Amino acid sequence: MTVRRILSRFGGDASAVVRSNERAILLFLVLLSLAALAVFLHYIAFVLDGLPDVIPSELPRP
């Protein structure tokens, strides 16, 4: 094998590794954003549940 051929095979292997690392990072970021969205929605529901009712269920008595 020539040096050029060895280097081109090494470069191809290295680019495949980089692509798989990019996929792993992308998957991690997607999962992290889904977890952050779930926590955000949970706290929004918690805060909204604690607010008073806009229309009271009983009419005020005079």
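To keep things clear, this report deals only with the structure shown in the data block. (Residues numbered from 1 in each chain as written. Predicted model: local features only at pLDDT ≥ 70, side-chain atom pairs only at ≥ 80, totals over all residues. Heavy atoms only, no water.)

1. Some remarks on the overall build of the protein chain
Part 1 of the argument: Counting its regular elements, the protein chain contains one helix and zero strands.
Part 2 of the argument: Going through the 62 residues of the protein chain one by one, you find that 0% of them count as buried.
Part 3 of the argument: As displayed, the protein chain offers around 6300 Å² of accessible surface, 70% of which is attributable to carbon and sulfur atoms. (Helix = DSSP H or I, 4+ residues; strand = E, 2+ residues; numbered from the N terminus. Buried < 20%, exposed > 50% of the residue type's maximum accessible area, 1.4 Å probe, protein only. Areas by Shrake-Rupley, 256 points an atom, 1.4 Å probe, with all protein chains shown as cover.)

2. Considerations on a nonpolar patch on the surface
Part 1 of the argument: On the surface, a cluster of nonpolar side chains totalling about 1100 Å² of accessible area is made up of L26, L27, V30, L31, L34, L37, F40, L41, I44, L48 and L51.
Part 2 of the argument: Of note, L48 is situated in helix α1 (residues 3–50). (Patch = residues over 30% accessible without salt bridge, like charges linked within 9 Å, V, L, I, M, F, W, Y side chains within 5 Å. Salt bridge = Lys/Arg side-chain N within 4 Å of Asp/Glu carboxyl O.)

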